[in-house]
Each structure stands twice: as structure tokens, then as C-alpha cells.
Amino acid sequence: MAAPPLRHARTLRRLARLVAERTLPRAVLIGRGAPDRRRVALTFDDGPSTLTDDYLDVLEAAGAHATFFVVGETCLKYRASLLAIVARGHEVAAHGYTHRPFPSLAAAELRDELKRTSRLLPPAQQRPLVRPPGGQVSAGSVARCARAGYTTVLWSVDSDDCRTNSPSQVIANLAPQRLGPGDIVLLHEGQPWTLEALPPALSALREAGYQMVTVSELCSRR
Ligand SMILES: [Zn+2]
């Protein structure tokens, strides 16, 4: 059978995720938070980077807290940036050690990726979170992460900032009318266009009454 066109492949992946999110316990997989309060979680993948401090300044100016899904190898390179994320009140969580897709790894390799990354991060206050690189999951990889004690975190709104380098497009993708309470928003660290989009995008969200919190805060019952 011929491979489905890209658009259909993305739709199928989204459907598979929706089914997984509705059927798996929230300790195993989260795709969005409870819609009971006007809160969203901003998540930044792939850091730390040379731009981390600038991202942190923008978040502080907007009164926002976020979750940074960091890559183990990159944490070694930008240790000070990793510490700055934590010192400034944000959450750090795992995004693989080498950024290889989890479904492509043998069970022992995936365990090793999780363990090596966790040694670089501060101890989690609650069940640790992991975002699989590229959001790529299989039933097996999600189960292996859960057995290792991790909750897999996907997202419900994609800023698409890895498919465009236009700040105005990222701003449009984060417009308040495209978001709802409980949404988990995918963004990426280390990208000048994302950094440029953040101040106007975050101030629009704030004006629309949204509080920007970490994934753990969004999913806690407090
Ligand atoms: Zn990534």
C-alpha cells in the first residue's frame, strides 16, 4: 500500500493520540489539562540554548511560568542555562538524552536515555514528566516510560514554530481564540522567531485572562 500523503499521516497521528489520551490514565499520558480554570501551559522543547536567558526574560516580563523539555546532551553543553531555568521558577523535564525518536529505541536504550537525562535534572517534586522527541510515540514506548515512572506529555495546541520562521505566523497560531482553558502549547527553545513572537503573543493571552503555568501546575488539582 502506498504511504499516505503527509497531511493524512498527520491527521492519523492526531487521531491515534486523541484515542490514547482518552483511554490511558493521566499518570501515563497527558495531552491537555482540565478546562476548569482559565490557564494554559506553555512548553518549550529542545533547549537549553544560547537564547535561554532571553526566553526567560520574556517569560518573566509576561508573568508566565513554563515547562522546558530539555535534551540531555544539550544540558551538558548549556549547564548554566539549565540552572537559570530552574532558578527562575520554571519546570524542567526530560526530552530524551540524544533526541532520537522513542519508538525507534530498544527498551534498554530508552531506559538509558531516561536515566542519563534525569541525572542532569533537579529531582522532580512529583511524578516526572517526559516529552518524546517530535511527539513520536508507540504503545510500547509510552508503556516503557510509564514503567520507568514517567508521565508522557504531548500537547493540544501546536505553535507550528518548527515549520515556519515567521514571528507573525507564530503570533497568529497562539492567538487567544485558537486556545482554550487547559491547553498545553508546543513551542521550541533556541529559535529567534519564536523569541520575537512571544512578547506580543503572551500579552494577548494575558489580556484574554489566561494565566500561564507549568504542566505540573496545570494538571494538579490545587
Ligand atoms: Zn524536540
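Quick note: structure is the one above.
Residues numbered from 1 in each chain as written. Predicted model: local features only at pLDDT ≥ 70, side-chain atom pairs only at ≥ 80, totals over all residues.

*Asks:* Outline unusual backbone geometry, supporting the account with residue identities and numerical values.
*Replies:* In terms of backbone geometry, most residues other than glycine have negative phi values and most peptide bonds are trans. Residue Pro48 is reached from Gly47 by a cis peptide bond, and omega for that bond is -5°. Tracing the backbone shows Pro48 in the loop between β2 (39-45) and α2 (52-61). One non-glycine residue, Asp46, lies in the positive phi region at around 85°. Taking the number of C-beta atoms within 10 Å as the measure of exposure, Asp46 has 21 and is therefore buried. Positive phi, close to 65°, is recorded for His99, a residue that is not glycine. The partly exposed category is assigned to His99, around which 16 C-beta atoms lie within 10 Å. (Helix = DSSP H or I, 4+ residues; strand = E, 2+ residues; numbered from the N terminus. Buried ≥ 20, exposed ≤ 12 C-beta atoms within 10 Å, placed from the backbone.)

*Asks:* A description of the packing of α2 against helix α8 (residues 192-207) should follow, citing residues and the corresponding values.
*Replies:* Contact geometry of α2 with α8 gives a least axis separation of 10 Å together with a crossing angle of 5°. Our classification of the angle between α2 and α8 gives roughly parallel. Facing α2, whose interface residues are Asp54, Tyr55 and Val58, α8 presents Leu195, Leu198 and Pro199. Residues that form the contact of α2 with α8 fall into these classes: five nonpolar, no polar and one charged. (Axes fitted to C-alpha atoms, helices over the stretch in contact; angles between N-to-C directions. Parallel < 35°, antiparallel > 145°, perpendicular 65-115°, else oblique. Contact = placed C-beta atoms within 7 Å. Nonpolar A, V, L, I, M, F, W, Y, C, P; charged D, E, K, R; others polar.)

*Asks:* Explain the environment of Asp57 residue by residue, including any values.
*Replies:* Within the element layout of this structure, Asp57 appears in helix α2. The spatial distance from the C-alpha of Asp57 to the C-alpha of Arg88 is 9.5 Å, given a sequence separation of 31 residues.

*Asks:* Just give me the short version of the nonpolar core, but keep the residues and values in it.
*Replies:* Most often, soluble globular proteins keep nonpolar side chains buried together rather than apart. Core analysis: the biggest nonpolar cluster contains 52 residues, and Ala41, Leu42, Val130, Val185 and Met212 have the highest contact counts within it. Counting residues per element, this core draws most heavily on α8, which supplies six residues. (Core = buried A, V, L, I, M, F, W, Y, C linked by C-beta atoms within 7 Å.)

*Asks:* Which residues make up the pairing of strand β8 (residues 184-188), and what values go with them?
*Replies:* Among the five residues of β8, four are classified as buried, and the element is accordingly described as predominantly covered. When β2 meets β8, the two strands line up parallel, connected through five bridges. Its bridge partner being in β8, Leu42 is matched across the sheet by Val185. Alignment of strand β7 (residues 157-158) against β8, held across two bridges, turns out to be parallel. (Pairing = 2+ DSSP bridges.)

*Asks:* Can you lay out helix α5 (residues 107-118) for me, pointing to particular residues and giving the numbers?
*Replies:* Between its terminal C-alpha atoms α5 stretches 17 Å, which fits the 16 Å expected from 12 residues at 1.5 Å a residue. Within α5, the full set of buried residues consists of Leu110, Glu113, Leu114, Thr117 and Ser118. The buried side chains of α5 occupy one side of the element, clustering within an arc of 120° when seen end-on. The elements touched by buried residues of α5 are α3 (72-77), β4 (91-94), β5 (129-130) and α6 (139-147). (Expected span 1.5 Å × (residues − 1). Arc of directions from axis to C-beta.)

*Asks:* Would you mind going over the pairing of β4 in detail, with residue names and values included?
*Replies:* Regular strands show a simple pattern: their side chains alternate between the two faces of the sheet. Covered by surrounding structure in β4 are Glu91 and Ala93 together with Val92 and Ala94, the residues of both alternating faces. Looking at chain direction, strand β3 (residues 66-70) and β4 are connected through four bridges and run parallel. In the sheet register, Phe68 faces β4, and the bridge partner there is Val92.

That is the geometry; function is a separate question.
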